[in-house]
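# Coordinates in review
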Amino acid sequence: MATETPPPSKTPAALPSTEEFTEVQESAEFGELRRSHRSFAFPLTVGFIAWYLLYVLLSNYAGDFMGTQVVGNVNVALVLGLAQFLTTFLIAWWYARHAAAKLDPKAEAIKSRMEGGA
C-alpha cells in the first residue's frame, strides 16, 4: 500500500538556538501573529465570560424571569442554559476558522524558517 508522505527522517532536526528564538520572538512577523491571535481571542473570551456571568446572575437574582414558561415545560433558564452550550461550540468553530485562515499560515512560515535555518 503506497503512501503520499515520505517516512520520517532518521536524523534528528537541529534545534534553533536561544538567540534564534529570541530573534524570532522580537520580529515584526511574530508580533503580527501574536496581535492577530490576541485581537480575536481576548474579546471573545471577555464576551463569553460576561455572557456566562449574566446567566449566573439572572439565575440567582431574577428567578421569576428565569422561570417564565416559553413553550410547555421549557422555561427561559433552560433556553439560556442550552444557549451557553451553543455559544461554546460556535466560538470553537469560529476560532478554528480564524486560526486556519489567519494564524496557521503565519505560524507555519515562522516554523519553517526556524527549522530550515533561513
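## With respect to the overall build of the protein chain
Along the protein chain, the regular secondary structure elements total 4 helices and 2 strands. Computed over its C-alpha atoms, the radius of gyration of the protein chain comes to 23 Å, more than 25% above the 13 Å expected for a compact globule of 118 residues. Considering only C-alpha atoms, the protein chain reaches an extent of 65 × 45 × 20 Å along its principal axes. Across the protein chain, the fraction of contacts at a sequence separation of at least 24, relative to all contacts at a separation of at least 6, is 63%. Summed over all atoms, the accessible surface of the protein chain reaches about 9300 Å², with 66% contributed by carbon and sulfur. Across the protein chain, the 9 positively charged side chains and the 11 negatively charged ones have centroids separated by 4 Å.

## Topic: the nonpolar core
With 6 residues, the main nonpolar core is built from V24, L33, A99, L103, I110 and M114. With 4 residues, the top contributor of residues to this core is helix α4 (residues 76-116). Excluding residues that lie within four positions of it along the chain, A99 makes contacts with D104 and P105.

## Quick look at the side chain of H98
Here H98 lies in helix α4. Excluding residues that lie within four positions of it along the chain, H98 makes contacts with S36, F40 and L103.

## Some details on a nonpolar patch on the surface
Judged by side-chain polarity, V70, V71, V74, L78, V79, L82, F85 and F89 come together as a nonpolar surface patch covering roughly 770 Å² of accessible area. Contributions of two or more residues to the nonpolar patch are made by β1 (69-71) and α4. Counting residues per element, the nonpolar patch draws most heavily on α4, at 5 residues. Here F89 is to be found in helix α4.

## Brief notes about the pattern of salt bridges
Under the defined criterion, the tally for this structure stands at 3 salt bridges. E29 is paired through a salt bridge with R113; the nearest N and O atoms lie 2.3 Å apart. With E29 in helix α2 (residues 28-61) and R113 in helix α4, the pair connects residues that are 84 residues apart, well separated along the chain. The class for R113 is partly exposed, based on a relative accessible area of 27%. Notably, a salt bridge pairs R35 with E32, separated by 3.4 Å at the nearest N-O pair. Taken together, the residues span about one helical turn, with R35 and E32 both in helix α2 at a distance of 3 residues. Accessibility expressed as a relative area gives 34% for E32, which makes it partly exposed. Bridged by salt links that share partners, the residues E32, R35 and K106 form one connected network.

## Considering the packing of helix α1 (residues 18-25) against α4
Following both chains from N to C, one finds α1 and α4 inclined at 155°, their axes separated by 11 Å at the closest point. Between α1 and α4, the angle is such that the two are roughly antiparallel. Here the hand of the crossing between α1 and α4 comes out right-handed. Of α4, the residues touching α1 (which contributes E20, F21 and V24) are I110, R113 and M114.

Conventions adopted
Residues numbered from 1 in each chain as written. Predicted model: local features only at pLDDT ≥ 70, side-chain atom pairs only at ≥ 80, totals over all residues. Heavy atoms only, no water. Helix = DSSP H or I, 4+ residues; strand = E, 2+ residues; numbered from the N terminus. Rg over C-alpha atoms; globule rule 2.2 N^0.38 Å. Contact = heavy atoms within 4.5 Å. Areas by Shrake-Rupley, 256 points an atom, 1.4 Å probe, with all protein chains shown as cover. Lys, Arg positive; Asp, Glu negative; His and termini not counted. Charge placed at Lys NZ, Arg CZ, Asp CG, Glu CD. Core = buried A, V, L, I, M, F, W, Y, C linked by side-chain atoms within 4.5 Å. Buried < 20%, exposed > 50% of the residue type's maximum accessible area, 1.4 Å probe, protein only. Patch = residues over 30% accessible without salt bridge, like charges linked within 9 Å, V, L, I, M, F, W, Y side chains within 5 Å. Salt bridge = Lys/Arg side-chain N within 4 Å of Asp/Glu carboxyl O. Axes fitted to C-alpha atoms, helices over the stretch in contact; angles between N-to-C directions. Parallel < 35°, antiparallel > 145°, perpendicular 65-115°, else oblique. Left-handed = near helix turned anticlockwise from the far one by under 90°.

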